[in-house]
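# Examining the three-dimensional arrangement
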Amino acid sequence: MLLFVRSSDAPIDAKLQRYMRAATKADIPHAALYWDRDKDAGNVDNENRIIFRAPLAYTARSRTLLCLVLLNIFIMWTIWRRRHAMSLVHAIDLDTAVAASLICKFTGIPYFYDIYDHYADSRGLAGWKRKLFAWLEKHVIRGANTVVLADQYRIQQHAALPCDRILIIENVPDIRRHNLPPRSSTQPDRPLIRIGYLGTLEPVCRGIEDMLAVVEAMPQVQLDIAGQGALRNTVISAAKRCSRIRFHGPMQHSDGLALLQSLDVVMGLYYQNNPNHKFAAPNKYFEHLLIGRPLLTSLGTPPGAKVERYATGWAIQDGASNIRGVLECILTRPEEVERRGARALQLWEQDFTDYSARVIDGQYVAAIRRASRTAETVARRTEISGKAT
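Residues numbered from 1 in each chain as written. Predicted model: local features only at pLDDT ≥ 70, side-chain atom pairs only at ≥ 80, totals over all residues. Heavy atoms only, no water.

Our focus in this paragraph is the overall build of the protein. The helix and strand inventory of the protein stands at 14 helices and 13 strands. Look at the contacts in the protein between residues 6 or more apart in sequence, and 68% of them connect residues 24 or more apart. Only carbon and sulfur atoms are counted for the fraction: they give 53% of the accessible area of the protein, which is about 17,300 Å². (Helix = DSSP H or I, 4+ residues; strand = E, 2+ residues; numbered from the N terminus. Contact = heavy atoms within 4.5 Å. Areas by Shrake-Rupley, 256 points an atom, 1.4 Å probe, with all protein chains shown as cover.)

In structure tokens:
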């Protein structure tokens, strides 16, 4: 069995869902072990999930460290208990990979280390904490059969990566355009511009607080937000104050894309106060191409460089004043929304329509098959273990 290990809700992790669909199509038995932080996050089939339950932990920061410790104990216990049936572990990010790598090394189970985000950079760690987690990550990487990165940019972010064991899997959605609903017709009384955000409600470094304040002050702008995270209550409060701010809560990825498709502009800001954003490789870049909507993102980041190069959106400096400035500019030239959205869709159809088939169903599944323990290997280890006891 292939086991995916994740420290947040699996049903709303679009990339993890792509991995699981690929495993299903390839007839590879698999399950996802994940931390169910929000019972509203959705469901997957019972036989494919192993749940660590600690709801409301996104907002209860004092409990997060304890819950992470308990989660890692649960990971090691689960892998140990199912070790004879386990062929490969796919651990996502360092907060699950340390425990997974330890128990895999002890049991002889190969593992993939999938780096969604550089741990120290994404959390702003410095000093001894940064050195500690850099040391831990180096050892996790050293023992991994394969290291998965979301973008070529990320290679320079990580020291001592094994070049012969890197697999680049970009955050490209595998939803077909014909599965998305058509765009809703224009309403004469609607705001002139509708902004959509789908993802983690992360404070300080994603521009969400600034966008909320700007939208409240601009009667010609509407903001739709879907997701979960530490800013959930802030967004709910803003939605209560302003009817043009709409909070949809956590959504399945396909439903979230359908929501964005019905709007005008996709929001995906990555402020420079998070060092990890210099190497941002977000879903939102590829999502805006798929749905044919322009992206509002940040200068000095990979998605910012791409939208400027291909003219599929706007890249701005951090801060509320810059958000307001670009929205005012868009309001004076609404035809740019359609033009840049059409260019985004053209780029998708040119470069990414068959990405999932080529990379996930192809390269990723092939890597799994090469790395997985065979039935004969599992049986032999079981026999040796039985003799030892």
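Having seen the model, we can carry on.
Attention shifts here to the pattern of salt bridges. The full count for this structure, using the stated rule, is 16 salt bridges. Of the charged contacts in the structure, one is a salt bridge between arginine 340 and glutamate 336, with a shortest N-O distance of 2.8 Å. Separated by 4 residues within a single helix, arginine 340 and glutamate 336 lie in helix α12 (residues 335-351), roughly one turn from each other. As far as the burial class goes, arginine 340 and glutamate 336 line up, both buried. Residues joined in a network through salt bridges with shared partners are Arg333, Glu335, Glu336, Arg339 and Arg340. (Salt bridge = Lys/Arg side-chain N within 4 Å of Asp/Glu carboxyl O. Buried < 20%, exposed > 50% of the residue type's maximum accessible area, 1.4 Å probe, protein only.)

As a further point, take the packing of aromatic side chains. Tallying each qualifying case throughout the model produces 12 aromatic pairs. A connected cluster of aromatic rings, assembled from ring pairs, spans Tyr285, Phe286, Trp348, Phe352 and Tyr355. Sitting over the face of the ring of tryptophan 80, arginine 83 holds its NZ or CZ atom 3.6 Å from the ring centroid. (Phe/Tyr/Trp six-rings, centres within 6.5 Å; stacked < 30°, edge-to-face > 60°. Lys NZ or Arg CZ within 6 Å of the ring centre and 35° of its normal.)

It is worth spelling out the packing of helix α3 (residues 94-107) against helix α5 (residues 127-143) at this point. The contact between α3 and α5 brings their axes to 10 Å, and the two run at 55°. Considering the angle they form, α3 stands oblique to α5. Of the two elements, α3 crosses α5, and the hand of that crossing is left-handed. Side by side, α3 and α5 meet where Leu94, Ala97, Val98 and Ser101 of the first sit next to Phe133, Leu136, Glu137 and Val140 of the second. In terms of residue class, the contact of α3 with α5 is built from 6 nonpolar, 1 polar and 1 charged. (Axes fitted to C-alpha atoms, helices over the stretch in contact; angles between N-to-C directions. Parallel < 35°, antiparallel > 145°, perpendicular 65-115°, else oblique. Left-handed = near helix turned anticlockwise from the far one by under 90°. Nonpolar A, V, L, I, M, F, W, Y, C, P; charged D, E, K, R; others polar.)

Our next topic: the environment of leucine 299. Within the secondary structure, leucine 299 sits in the loop between β12 (295-298) and α10 (302-310). With a relative accessible area of 26%, leucine 299 lands in the partly exposed category.

Examined against the element boundaries, phenylalanine 247 turns out to sit in strand β10 (residues 245-247). Excluding its chain neighbours within four sequence positions, the residues that come into contact with phenylalanine 247 are Leu201, Ile225, Gly227, Arg232, Val235, Ile236 and Ala239.

Right, let's get into the side chain of threonine 312. Looking at the secondary structure, you find threonine 312 in the loop between α10 and β13 (313-316). Residue class for threonine 312 comes out buried when judged on its relative accessible area of 0%. At 2.9 Å, the side chain of threonine 312 and the side chain of histidine 288 are in polar contact. Dropping the residues within four chain positions of it, threonine 312 is found in contact with His288, Leu289, Pro294, Leu295, Val307, Arg340, Arg343, Ala344 and Leu347. (Polar contact = N/O pair within 3.5 Å; in protein donor to acceptor, adjacent residues only side chain to side chain.)

Rolled over the atoms, a probe with the dimensions of a water molecule shows which regions are left empty. Estimated volume of the second largest pocket: approximately 300 Å³. Lining the second largest pocket are 15 residues, with Ser101, Leu102, Lys105, Tyr111 and His139 sitting closest to its centre. Broken down by secondary-structure element, the contributors of at least two residues to the lining of the second largest pocket are α3 and α5. A total of 6 residues in the lining of the second largest pocket trace back to one element, the largest contributor, which is α5. (1 Å grid on protein atoms, 1.4 Å probe; cavity = no way out; pocket = protein on both sides within 12 Å on 5 of 7 lines; lining within 4 Å. Points joined across faces, edges and corners; volume = space filled by probe spheres on them.)

Bringing the sheet that holds strand β2 (residues 30-36) into the picture now. Strand order across the open sheet formed by 7 strands is β3-β2-β1-β4-β5-β6-β7, with parallel pairing between neighbours. Edge positions in the sheet fall to β3 (49-53) and β7 (166-168), since each of these pairs with one other strand and no more. Mean inter-strand twist for the sheet, computed between neighbouring axes without regard to direction, equals 20°. Across 4 bridges, the pairing between strand β5 (residues 111-115) and strand β6 (residues 146-149) is parallel. When the bridges of β6 are listed, tyrosine 113 appears paired with valine 147. Lying over the sheet, helix α1 (residues 14-25) contacts β1 (2-6), β2, β4 (88-92), β5 and β6, oriented at roughly 175° with respect to β1. Across the face of the sheet, helix α13 (residues 355-371) comes into contact with β1, β4, β5 and β7 while running at roughly 155° to β7. (Pairing = 2+ DSSP bridges.)

Extensive coverage of strand β8 (residues 193-198) is indicated by the burial of 6 of its 6 residues. Going residue by residue along β8, you find Ile193, Ile195 and Tyr197 tucked away on one face and Arg194, Gly196 and Leu198 tucked away on the opposite face as well. Taken together, β8, helix α6 (residues 208-217) and strand β9 (residues 221-226) constitute a β-α-β crossover, and its handedness is right-handed. Strand direction decides the pairing type here: β8 and strand β11 (residues 265-267), joined by 2 bridges, are parallel. Across the sheet, the residue bridging to isoleucine 195 is valine 265, located in β11. (Right-handed = clockwise from strand over helix to strand, strands pointing away.)

Here we come to α13. For α13, built from 17 residues, the straight-helix expectation of 24 Å at 1.5 Å per residue is met to within 8% by its first-to-last C-alpha distance of 22 Å. Of the positions making up α13, those classed as buried are Tyr355, Ser356, Val359, Ile360, Tyr364, Val365, Ala367, Ile368 and Ala371. On its buried face, α13 sits against β1, α1, β4, β5 and β7. (Expected span 1.5 Å × (residues − 1).)

For the rest of this paragraph, the subject is the sheet that holds β13. Strand order in the open sheet made by the 6 strands is β10-β9-β8-β11-β12-β13, with parallel pairing throughout. Both outer strands of the open sheet, β10 and β13, are each paired with one neighbouring strand and no more. Averaged over all pairs of adjacent strands, the angle between their axes in this sheet comes to 25°, without regard to strand direction. Where α6 meets the sheet, its contacts fall on β8, β9, β10, β11 and β12, and the angle it forms with β9 comes to roughly 145°.

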